[in-house]
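A closer look at the structure
Each chain, written out:
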Amino acid sequence: MDITPTLIAYLHLCHRKMWLHAKHLRMESSSDLVAEGRLIGETTYPQRAGKWQEIDLGIGKIDYFDAKTNTVHEVKKSNKKEQSHIAQVKYYLYLLEKIGVENPRAVIEYPKLRIVENVEWDSATDTIEVEQWLHTAEKILQGTCPPKLSKSKCKKCSYFDFCWSGEETAEL
């Protein structure tokens, strides 16, 4: 099974979400929060489509890549899940390096918060880290569906209704 950048992001959020997504059980299309994030990504920087290129890596697409500086530009709605964003972007950098892009780097932009975060790539240490993530993801995906997290961590997840249907509402 190919491990996509989205799965690496989900690995850092919830193993169950990653497993369900990998098994093609997708709930994002019914989530207003996901739709808002997509809208922000598509409308915040309209000039980029002409300035930078999209790169299809086979297992994922980088929407905005500046080939002059070898920089990935990733737009996110909120920095609440920052570690998953960094992991996803580092996986992009790992994949770019594998196809011969020298000194790749990345920028994560949070336009609603007016925050820009630089993500540096240290080939020696980050390659090992990403390969550990890949190994962990493969192990999880070979097993049965992981348990759900506590409800307090799940409330805004697109899989919330799926995971928690039939549970008592008093626990919310």
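Above this text sits the structure in question.
What you are looking at is a predicted structure, and each value in this text was computed from that prediction instead of being measured. (Residues numbered from 1 in each chain as written. Predicted model: local features only at pLDDT ≥ 70, side-chain atom pairs only at ≥ 80, totals over all residues. Heavy atoms only, no water.)

1. Re the overall build of the protein
Each helix and strand counted, the protein has 8 helices and 5 strands in total. Of the contacts made within the protein by residues no fewer than 6 positions apart, 63% connect residues no fewer than 24 positions apart. Of the accessible surface of the protein, which amounts to about 10,000 Å², a share of 49% is contributed by carbon and sulfur atoms. (Helix = DSSP H or I, 4+ residues; strand = E, 2+ residues; numbered from the N terminus. Contact = heavy atoms within 4.5 Å. Areas by Shrake-Rupley, 256 points an atom, 1.4 Å probe, with all protein chains shown as cover.)

2. A word on the sheet that holds strand 3 (residues 71-75)
Spatially, 5 strands are ordered 1-2-3-4-5 in an open sheet, and the strand pairing comes out mixed. Each of the sheet's edge strands pairs with one partner strand only, and the pair in question is strand 1 (53-56) and strand 5 (115-119). With strand direction ignored, the average angle separating the axes of adjacent strands in the sheet is 35 degrees. Of the strands in this sheet, strand 1, strand 2 (61-66), strand 3, strand 4 (105-110) and strand 5 are in contact with helix 5 (residues 82-98), which crosses strand 4 at around 150 degrees. (Pairing = 2+ DSSP bridges. Axes fitted to C-alpha atoms, helices over the stretch in contact; angles between N-to-C directions.)

3. A look at helix 6 (residues 123-142)
Since the α-helix packs 3.6 residues into each turn, any two residues three or four apart lie on the same face. When the terminal C-alpha atoms of helix 6 are compared, their 28 Å separation across 20 residues agrees well with the 28 Å that a helix rising 1.5 Å per residue should span. What helix 6 keeps buried is the set Asp 126, Thr 127, Val 130, Trp 133, Leu 134, Ala 137, Ile 140 and Leu 141. The buried residues of helix 6 all sit within an arc of 150 degrees when viewed along its axis, so they share a single face. Opposite the buried face of helix 6, by more than 90 degrees, sit the exposed residues Ala 124, Ile 128, Lys 139 and Gln 142. (Expected span 1.5 Å × (residues − 1). Buried < 20%, exposed > 50% of the residue type's maximum accessible area, 1.4 Å probe, protein only. Arc of directions from axis to C-beta.)

4. Focus on the environment of Thr 71
When you line up the elements, Thr 71 lands in strand 3. Linking Thr 71 and Pro 104, residues 33 residues apart in sequence, is a C-alpha distance of 6.0 Å. Not counting chain neighbours up to four residues away, the residues in contact with Thr 71 comprise Tyr 64, Phe 65, Asp 66, Arg 105, Ala 106 and Val 107. A polar contact is formed between the side chain of Thr 71 and the side chain of Arg 105, at a distance of 3.1 Å. (Polar contact = N/O pair within 3.5 Å; in protein donor to acceptor, adjacent residues only side chain to side chain.)

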